[in-house]
Amino acid sequence: MTAAPSYVELTPMPGLVNHLRTVWVQTTGSAPYVQRHLPTGGAELHWPLGGQPRLLGPLTGPRVEVIPAATTLLGVRFHPGVPVLIPGDVADLLDRGVSLDELGHPWVDRLGEAIAAAATPRAALLILEAFLLDRARTAGADPLVREAVRLLMPWEPRDVGAVADHLGLSVSQLRRRCVWAVGTGPKSLQRTLRFQGFLALAQAGAIATGRRGADGMAGLAVDVGYADQAHLSREVRRLTGLTPRGLLGAEVDRCSCGHDHTASYAPFLADRRSPVPV
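So, here's what we can say about the structure. (Residues numbered from 1 in each chain as written. Predicted model: local features only at pLDDT ≥ 70, side-chain atom pairs only at ≥ 80, totals over all residues. Heavy atoms only, no water.)

## Description of the overall build of the protein
Counting secondary structure elements, the protein contains 10 helices and 8 strands. Here the C-alpha atoms of the protein give a radius of gyration of 19 Å, agreeing with the 19 Å that 2.2 N^0.38 yields for 278 residues. Dimensions of the protein along its principal axes, counting C-alpha atoms only, are 55 × 45 × 30 Å. Considering the protein as a whole, with its 278 residues, one finds that 49% of them fall into the buried category. (Helix = DSSP H or I, 4+ residues; strand = E, 2+ residues; numbered from the N terminus. Rg over C-alpha atoms; globule rule 2.2 N^0.38 Å. Buried < 20%, exposed > 50% of the residue type's maximum accessible area, 1.4 Å probe, protein only.)

Spelled out as structure tokens, the structure:
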């Protein structure tokens, strides 16, 4: 009997929180599932049990795929600039999905056998995380890019030039390093992180701070750095192909698919200021 459709997102195991944003297990059930992947700033690893694992490079727009029926998929979302599985220039993987075999990793078959032998999908996910933790210990991320990612988060909007000055780089140097490690330049990354910040606020049911007198969706748009709600709408359509309400659904506090993304968006909310008291 085919398992019922499900999607469970989890916080990565200790030791991986600085490398992974979230992990998940997804089961499609008896019907194929149309998945709309959205830009997050980082790469993703998709490992279907019994199938070929693929690395999805950072996205600049929506990517739609159909996950076959009766598929159980392990998912891993990396923070921007994390080089755990990507051996070289991340820009080569921008808006592309490739099998791990294409990247020349010799351990894919052995790890696949261990994952296939796991008693449950959750146990298989733990095996995958343990492997990634071991690789993360020797993966050397560019510290300046990691700091740039932190500074480009949406809660304290900064000009890219100011970020470059803070890091002791020229704007062109910062761009080259970001393109190599993240796949896009800092401005494009900042737009993606701002969009992700909006989703984090909306899906957490956050209350707008009331800056500039705006509340509701318009207030959340201002809080995360958009000029106004119209600016938000343009950016969301560019990044997802949908309107904000088309993406989130009529309730506005969740994506239209109904999945719980708390584990993914909690890191975005950690540094957000509390709403200003009325």
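## Here's the deal with the pairing of strand β1 (residues 6-10)
What you see with β1 is a clean split: Y7 and E9 sit on the buried side and S6, V8 and L10 on the side with no burial. Bridging between β1 and strand β2 (residues 20-27) involves 5 bridges; their strand directions are antiparallel. Looking at β2, one finds that L10 is bridged to V23. (Pairing = 2+ DSSP bridges.)

## Quick notes on a negative patch on the surface
A surface patch of like charges, here negative, comprises D101, E102, D109 and E113. Its relative accessible area of 58% is what places E113 among the exposed residues. (Patch = residues over 30% accessible without salt bridge, like charges linked within 9 Å, V, L, I, M, F, W, Y side chains within 5 Å. Areas by Shrake-Rupley, 256 points an atom, 1.4 Å probe, with all protein chains shown as cover. Salt bridge = Lys/Arg side-chain N within 4 Å of Asp/Glu carboxyl O. Lys, Arg positive; Asp, Glu negative; His and termini not counted. Charge placed at Lys NZ, Arg CZ, Asp CG, Glu CD.)

## A short note on the nonpolar core
Core analysis: the largest hydrophobic core is formed by 37 residues, its most contacted members being L174, F195 and F198. Elements that contribute at least two residues to this core include exactly α3 (143-151), α4 (160-167), α5 (171-182), α6 (186-203), α7 (216-223), α8 (229-240), α9 (244-248) and α10 (262-269). Tallying contributions element by element places α6 first for this core, with 8 residues. Apart from the residues within four sequence positions on either side, L174 is in contact with A148, V160, V163, A164, L167, L169 and P186. Listed in part, the 32 residues of the second largest apolar core include M13, W47, V82 and L93. (Core = buried A, V, L, I, M, F, W, Y, C linked by side-chain atoms within 4.5 Å. Contact = heavy atoms within 4.5 Å.)

## Some details on a nonpolar patch on the surface
Taken together, the side chains of V34, V64 and V66 define a hydrophobic patch exposed on the protein surface, amounting to about 280 Å² of accessible area. For V66, a relative accessible area of 53% translates into the label exposed.

## Some thoughts on the packing of α6 against α8
Close contact between α6 and α8 brings their axes to 11 Å; oriented N to C, the two are set at 105°. As the angle between them shows, α6 and α8 are arranged roughly perpendicular. Only H231, L232, E235, V236, R238, L239 and T240 of α8 make contact with α6, whose side of the interface consists of R191, T192, R194, F195 and F198. Looking at the contact of α6 with α8, its residues break down into 5 nonpolar, 3 polar and 4 charged. (Axes fitted to C-alpha atoms, helices over the stretch in contact; angles between N-to-C directions. Parallel < 35°, antiparallel > 145°, perpendicular 65-115°, else oblique. Nonpolar A, V, L, I, M, F, W, Y, C, P; charged D, E, K, R; others polar.)

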